[in-house]
Amino acid sequence: MKKLINDPDDVVDEMLDGMTAAYPDRLRRLPDTQVLVRDDGPIDGKVALVTGGGSGHEPTHAGYVGDGMLDGAAAGDVFSSPTADEFEELIGACDAGDGVLAIIKNYEGDVMNFETAIELAEMEGIEVESVVVNDDVAVEDSLYTSGRRGVCGTILVHKAAGAKAAQGADLSEVKRVAEKVVDNVGTMGTALTSCVTPEKGEPTFDLGDDEIELGIGIHGEPGTERTDVMSADEITEHLTEAVLDDLGLDEGQEVLTVVNGMGATPQMELFVVNRRLQELLGEHGLETYDAWVGDYMTSLDMAGASITVCAVDAELKELFDAPADTPALTVK
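As the structure is a prediction and not an experimental result, all values here were calculated from the model.

Participant: I'd like a rundown of the pairing of strand β3 (residues 48-55), residues and numbers included.
Facilitator: Burial of β3 is extensive: eight of the eight residues sit out of reach of the surface. In this sheet, strand β5 (residues 100-105) lies alongside β3 in parallel orientation, the contact comprising three bridges. Within β5, the position partnered with L49 by the bridge is L101.

See the structure below:
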């Protein structure tokens, strides 16, 4: 294993300290936790947005903490949920009295620990609502989930709900917008290689030199099929058709797309995927309102990509276009 780490047991702790050192005017770490919050928070008169999950998916989660998106995020160990205590600390630190929306990716540990934390926060008088993101169209009931997995579509939930909260909307309205994105987004990914976790020091699953995995999860969970290596166009067609079949969009529908790298995929290759994705959308009579290409939710050093499609209307376009200023995403 060749990684830029020291002791594998310290990698998350050192990563969080490195993030706050890089963005001292934006991020603050709660003492004795793996929780990062806005340095200027909590923000009076605004619903707070919080999230969290296992590390290894950077820039998810704390990379999206800042103006127009999240107010804080808890980081678990690599591919492991934060504890309920960490989530409770997160909620308490971000609440300014106008309520908190917890955005939860659909993994059993995240859901269970967030639910416990919400109960504890409510006992302290904090109003908390939650939404569960389950945008992965590939499989139901995967290794760590009951139902569909939450993947890169979560970033669009952060963006739209964060913009709504920044407008001063109340908790019910912010939650409505978050659920609207969840209801209109789908994602599917592929792996060309496994990732290597710092603790294990070897690939998390075996994938032959001449094989790829379609429908892979962001922790290396099994996908829909393992097949011989395919061309970029063939992979893009497979992923896109699966997402569009799930969404069932009408001709003329506007969409926002995300081609997301899994951590070890050059941008060159992501743009090749985006080229074919946009051609396919045109063939389906869909109109691209915006196209994002980059690393938004990764899986350590996995080579591969995911494709996200989100149907948009005037409200969502306004919210996606609204200003955001975070370490990982800036919209002006």
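Participant: Lay out the sheet that holds strand β11 (residues 287-294) with the relevant residues and their values.
Facilitator: Overall, mixed pairing links the six strands, which are arranged β9-β8-β7-β12-β10-β11 in an open sheet. Only two strands of the sheet have a single partner each, and these edge strands are β9 (225-228) and β11. Strand-to-strand twist across the sheet, computed as the mean angle between neighbouring axes with direction ignored, equals 20 degrees. Strand direction decides the pairing type here: strand β10 (residues 254-261) and strand β12 (residues 304-311), joined by seven bridges, are antiparallel. If you follow V259 over to β12, its bridge partner there is I307. In the packing of helix α6 (residues 232-247) onto the sheet, contacts are made with β7 (185-191), β8 (211-214), β9 and β12, and the angle to β7 comes to roughly 155 degrees.

Participant: Tell me what's going on with the pattern of salt bridges, and back it up with residues and numbers.
Facilitator: Scanning the entire structure with this criterion turns up 25 salt bridges. Across the pair R176 and E315 runs a salt bridge, and its minimum N-O distance is 2.5 Å. Of this pair, R176 sits in helix α5 (residues 171-183) while E315 sits in helix α8 (residues 314-321), and the two are 139 residues apart along the sequence. Of the residues examined, R176 reaches a relative accessible area of 31% and is grouped as partly exposed. Here E254 and K317 are joined by a salt bridge, their closest N and O atoms 2.7 Å apart. With a gap of 63 residues between them, E254 in strand β10 and K317 in helix α8 connect regions that are remote in the sequence. E254 gets classed as partly exposed once you look at its relative accessible area, which sits at 25%. By relative accessible area, K317 is classed as partly exposed at 22%. Counted as one network, the salt bridges with shared partners bring together K164, E173, R176, K180, D313 and E315.

Thresholds applied
- Residues numbered from 1 in each chain as written.
- Predicted model: local features only at pLDDT ≥ 70, side-chain atom pairs only at ≥ 80, totals over all residues.
- Heavy atoms only, no water.
- Buried < 20%, exposed > 50% of the residue type's maximum accessible area, 1.4 Å probe, protein only.
- Helix = DSSP H or I, 4+ residues; strand = E, 2+ residues; numbered from the N terminus.
- Pairing = 2+ DSSP bridges.
- Axes fitted to C-alpha atoms, helices over the stretch in contact; angles between N-to-C directions.
- Contact = heavy atoms within 4.5 Å.
- Salt bridge = Lys/Arg side-chain N within 4 Å of Asp/Glu carboxyl O.

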